[in-house]
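Notes for the structure review
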Amino acid sequence: MTAQFPEPSPRPVPSAGMRASHDDREAVVERLRDAAAEGRIDFDELDSRLELALTAKTHDELALITVDLPMPQSSTGAAPASVAENAPPLVLKGGISGASRGPGRWEVPGRVVAHGGVGGVSLDFTRAECRLTEVVVEAYGETSGVTVVIPDGWVADIGGMDPGFGGLTDRTTSVRLPGTPLIRLTGSGGIGGVVIRHPNKRERRKLDITY
């Protein structure tokens, strides 16, 4: 008599309260960027939803972010570099109160646009997830300036930058580690100026504590 073995049960679906992983968050980020490219959500809404996705702790929180979006046709894990290259640009506007991205984890698109406005803009790449070999950062200092912080080992090309009245301050090194992206800085210093640098001592201490 041939032994009968029960058929394997399907892989369990994660419960809503289960903690989300980095891959879970990245899958939601990819869906959001696809939705923006299709015109389902605008860039401002994309920016706010990405912030929620990258800080979500559970599957329930991630599900709420995409509840009104269609399910993807297929799931292939983390988004490849080509997806990041074609993703909508990240636009930061200092306005009156200022704006910032980082130093928490966030996914870097191929192009970032920062308008200092009256409040200023801080753009921190020290804990960002970047799959690209090159990222264009358009920085417009305007009234209060833009500060860009990149990790050690990343380098910047500032040849396309107009210093303007506020000037351009470059405190980065020219030593590029293998596999790290090039930050191609363009735009204008305006009145407030643009600063690009590596983390300072206080920021380094925070990074050591975080890791």
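First, a word on what this report is: a plain description of the structure on this page. A quick note: this is a predicted structure, and the numbers were derived from the prediction, not measured. (Residues numbered from 1 in each chain as written. Predicted model: local features only at pLDDT ≥ 70, side-chain atom pairs only at ≥ 80, totals over all residues. Heavy atoms only, no water.)

**Remarks on the sheet that holds strand β1 (residues 90-93)**
- With parallel pairing, five strands are arranged side by side in an open sheet as β1-β3-β5-β9-β7. The open sheet terminates on both sides in strands that have one partner only, identified here as β1 and β7 (155-162). The average undirected angle you get between the axes of adjacent strands in this sheet is 15°. (Pairing = 2+ DSSP bridges. Helix = DSSP H or I, 4+ residues; strand = E, 2+ residues; numbered from the N terminus. Axes fitted to C-alpha atoms, helices over the stretch in contact; angles between N-to-C directions.)

**Side note on helix α1 (residues 22-37)**
- Across its 16 residues, α1 extends 23 Å between first and last C-alpha, which sits within 8% of the 22 Å expected from 1.5 Å per residue.
- Positioned one or two residues after α1, glycine 39 has a phi angle of 85°, which is positive. (Expected span 1.5 Å × (residues − 1).)

**Remarks on the pairing of strand β4 (residues 121-124)**
- Summarising the sheet, strand β2 (residues 99-101) and β4 pair through three bridges and their orientation is parallel. Residue pairing across strands places alanine 99 opposite valine 121, the latter belonging to β4.
- Sheet topology places β4 next to strand β6 (residues 146-149); four bridges connect them, and they run parallel. Opposite aspartate 124, over in β6, you have valine 149 as the bridge partner.

**Some remarks on the sheet that holds β2**
- Here we have five strands laid out as an open sheet, ordered β2-β4-β6-β10-β8, and parallel in their pairing. Each edge of the sheet is formed by a strand with only one pairing partner; in this case those strands are β2 and β8 (168-171). Each strand of the sheet is rotated relative to its neighbour by a mean of 5°, with strand direction disregarded.

**Side note on a positive patch on the surface**
- Judged by side-chain charge, Lys201, Arg202, Arg205 and Lys206 come together as a positively charged surface patch.
- Structurally, lysine 201 is set in helix α5 (residues 201-210).
- Classification of lysine 201 as exposed rests on a relative accessible area of 68%. (Patch = residues over 30% accessible without salt bridge, like charges linked within 9 Å, V, L, I, M, F, W, Y side chains within 5 Å. Areas by Shrake-Rupley, 256 points an atom, 1.4 Å probe, with all protein chains shown as cover. Salt bridge = Lys/Arg side-chain N within 4 Å of Asp/Glu carboxyl O. Lys, Arg positive; Asp, Glu negative; His and termini not counted. Charge placed at Lys NZ, Arg CZ, Asp CG, Glu CD. Buried < 20%, exposed > 50% of the residue type's maximum accessible area, 1.4 Å probe, protein only.)

**Re the packing of α1 against helix α2 (residues 43-55)**
- Between α1 and α2, the least distance of the axes is 9 Å, while the angle of their chain directions is 170°. The orientation of α1 with respect to α2, classified from their angle, is roughly antiparallel. For the pair formed by α1 and α2, the contact residues are Arg25, Val28, Val29, Leu32, Arg33 and Ala36 on the first element and Leu46, Arg49, Leu50, Ala53 and Leu54 on the second.
- For the contact of α1 with α2, a count of residues per class yields eight nonpolar, no polar and three charged. (Parallel < 35°, antiparallel > 145°, perpendicular 65-115°, else oblique. Contact = heavy atoms within 4.5 Å. Nonpolar A, V, L, I, M, F, W, Y, C, P; charged D, E, K, R; others polar.)

**Notes on unusual backbone geometry**
- Cis peptide bonds are those with omega within 30 degrees of zero, and the linkage from glycine 102 to proline 103 qualifies with 10°.
- Here proline 103 is to be found in the loop between β2 and β3 (111-115).
- At glutamate 142, a residue that is not glycine, the phi angle is positive and equals roughly 50°.
- Looking at the element boundaries, glutamate 142 is found in the loop between β5 (134-140) and β6.

**Examining the pattern of salt bridges**
- Considering all chains together, one arrives at 11 salt bridges under this definition.
- We note a salt bridge from aspartate 47 to arginine 101, for which the minimum N-O separation is 2.6 Å. Here aspartate 47 is found in helix α2, whereas its partner arginine 101 is found in strand β2, with 54 residues between them in sequence.
- Taking the relative accessible area as the measure of exposure, arginine 101 reaches 6% and is therefore buried.
- In this structure, arginine 184 and aspartate 157 form a salt bridge, with 2.5 Å as the shortest nitrogen-oxygen distance. With arginine 184 in strand β9 (residues 182-188) and aspartate 157 in strand β7, the pair connects residues that are 27 residues apart, well separated along the chain.
- A residue is classified by how much of its surface remains accessible, and aspartate 157, at 27% relative accessible area, is partly exposed.
- Salt bridges linked by common partners bring Glu26, Glu107 and Arg131 together as one network.

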